[in-house]
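Residue-level structural notes
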2 protein chains.
Amino acid sequence: MTKSPDNNAEKPERISEAEHAVMEVLWDRGTASAAQVCEVVCQKREWSLATVKTLLSRLVQKGAIETRPDGRRFLYSPLIARAEYVGGESRRLVDRLFGGKAASLVAHLAETEALSEDDLSEIEALLKELKQ
Amino acid sequence: MTKSPDNNAEKPERISEAEHAVMEVLWDRGTASAAQVCEVVCQKREWSLATVKTLLSRLVQKGAIETRPDGRRFLYSPLIARAEYVGGESRRLVDRLFGGKAASLVAHLAETEALSEDDLSEIEALLKELKQ
DNA sequence: TCACAACGATTACGCTTGTAAACATTGCTG
DNA sequence: CAGCAATGTTTACAAGCGTAATCGTTGTGA
């Protein structure tokens, strides 16, 4: 195979906030054209189509999405999974603010009442399941 | 008076990553001079004293810290509490990535095994306490 | 066939961030 | 008293980001 076996330098080029908004659409749809992405986000963020195109280009450069030609346009689809991104971001936060201890994050959320009764029950259920 | 009396628009000017590193020192010490801050972070981040000074200035501008003259130098101290910052950042993450549902974050951490056995026990204990 | 519309690509531009050097002030030491 | 050293202030500058406008190409409808 041509793919060099060990060029996994894969340093996951940071995705910016605006870019992330675009990614969400692609994760949701799986695949979309620039116009379709715009339909979803341009209202919300008061963007123009041009802005969306710029963001898509940057995401391609960063290796976060890929393009497939579809007639005269491109269809864009994610190359990295949402879970991967979410995991990375969560980890960054936990590392930066909680010394890497995820439990500290949870503790903080609980203390500051960022967790509702429902949240607490939900987590409790989750724990039970994980522990069985 | 030239200083407008009611500019308490207190929108908490975003603290950048590098600035945050400086804040951590101030939160830890309570108060410190530029040189003292540098002693703590300049090794770790390979910064020069000049860099620390810039960051301190920016933090002052942003209203995140205050200065008190101490002889020929300044002592810097935090104006916002660490908990406040941490809470804000956590909330931002939860809003952006988990639709505002903190429980989803916890679920994600659990699923991706970002939570160790110890973490889980800890959280469990926490929950019990909160529910008393 | 020809202007136009739909696209991606290129270029733009001001703001923030990271990282610092240069400058100005001033207490201190020889 | 004259430099020097320590300190804050000002200026710098490249990269990244948010937000687009403009350019170039090409399928399409009149």
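In short, a report on the structure. Not measured: the values here are computed from a predicted model. (Residues numbered from 1 in each chain as written. Chains lettered and ligands numbered in written order. Predicted model: local features only at pLDDT ≥ 70, side-chain atom pairs only at ≥ 80, totals over all residues. Heavy atoms only, no water.)

Observations concerning the protein's contact with DNA strand D
Filter applied, for reference: Any residue with a heavy atom positioned within 4 Å of a molecule or strand is treated as near that molecule or strand. Pairs of N or O atoms are called polar contacts if they sit within 3.5 Å, as long as, within protein, a hydrogen donor faces a hydrogen acceptor (for residues adjacent in sequence, only side-chain-to-side-chain pairs). Counting from the N terminus, the helices are the DSSP runs of H or I reaching at least four residues and the strands are the DSSP runs of E reaching at least two. Charged means Asp, Glu, Lys or Arg here, nonpolar means Ala, Val, Leu, Ile, Met, Phe, Trp, Tyr, Cys or Pro, and polar covers whatever is left, Gly included.
Taken together, 21 residues surround DNA strand D, and among them A:S16, A:W47, A:T54, B:R72 and B:F74 come closest. Take A:E46: an N or O atom from its main chain is 3.3 Å from a phosphate oxygen of DNA strand D. Residue assignment for the surface near DNA strand D shows that the elements contributing at least two residues are α1 (17-29) and α3 (49-61) of chain A together with α2 (34-45), α3 (49-61) and β2 (73-78) of chain B. Sort the elements by how many residues they give to the surface near DNA strand D and α3(A) lands first, with five residues. Partitioning the surface near DNA strand D into residue classes produces eight nonpolar, four polar and nine charged.

Examining helix α2 (residues 34-45) of chain A
Residues and elements named next belong to chain A. Keep this limit in mind: Burial classes: relative accessible area under 20% of the type maximum marks a residue as buried, over 50% as exposed, and values in between as partly exposed (1.4 Å probe, protein chains only). Each C-beta atom gives one direction from the helix axis, and the arc is the one those directions make. By the convention used here, residues are in contact when the closest approach between their heavy atoms is within 4.5 Å.
Within the span of α2, buried status applies to A34, V37, C38, V41 and C42. End-on view of α2: buried residues confined to an arc of 115 degrees, all on one side of the axis. Exposed residues lying more than 90 degrees from the buried face of α2 are E39, Q43 and K44. Against the buried residues of α2 lie α1, α3 and β2 (73-78). At the C-terminal side of α2, E46 shows a positive phi close to 55 degrees.

With respect to the packing of aromatic side chains
Each pair of aromatic rings is reported with the distance of its centres and the angle of its planes. Residues and elements named next belong to chain A. Condition: Centres within 6.5 Å are what make two rings of Phe, Tyr or Trp a pair, Trp counting through its six-membered ring; a difference in plane orientation under 30 degrees is then read as stacked, over 60 as edge-to-face, and the rest as tilted.
Counted by the stated rule, this structure contains four aromatic pairs over all chains. With a centroid separation of 5.6 Å and an interplanar angle of 40 degrees, the aromatic rings of W27 and Y85 are classed as tilted. Linking W27 in helix α1 with Y85 in helix α4 (residues 82-98), this pair joins segments that are 58 residues apart in sequence. Summarising the burial analysis for this pair, W27 and Y85 share the class buried.

Side note on the state of the cysteines
Residue and element names in this part refer to chain A. Operational definition: To count as a disulfide, a pair of cysteine sulfur atoms needs to be within 2.5 Å.
Using the criterion set out here, one finds two disulfides over all chains in the structure. Put simply, C38 and C42 are joined by a disulfide, and their sulfur atoms are 2.1 Å apart. Looking along the S-S bond of the C38-C42 disulfide, the torsion reads about -110 degrees, which is the left-handed sense. Taken together, the positions of C38 and C42, both in helix α2 and four residues apart, correspond to about one turn of that helix. With respect to class, C38 is no different from C42; both count as buried.

Thoughts on the pairing of β2(A)
Residues and elements named next belong to chain A. Filter applied, for reference: By the convention used here, strands pair only if DSSP detects at least 2 bridges between them.
Pairing geometry for strand β1 (residues 65-70) and β2, over six bridges, is antiparallel. By the bridge assignment, I65 is partnered in β2 with P78. Between the antiparallel neighbours β1 and β2 lie two residues, among them G71 with a positive phi of about 65 degrees.

Notes on the pattern of salt bridges
All names here are of chain A. Selection criterion: Definition used for salt bridges: Asp or Glu carboxyl oxygen within 4 Å of a side-chain nitrogen of Lys or Arg.
Taken as a whole, this structure holds 20 salt bridges over all chains when the rule is applied. A salt bridge links D70 to R73, with the shortest nitrogen-to-oxygen separation between them at 3.1 Å. Taking the relative accessible area as the measure of exposure, D70 reaches 32% and is therefore partly exposed. Classification of R73 by relative accessible area gives partly exposed; the value is 39%.

Purely geometric numbers; function is a separate question.
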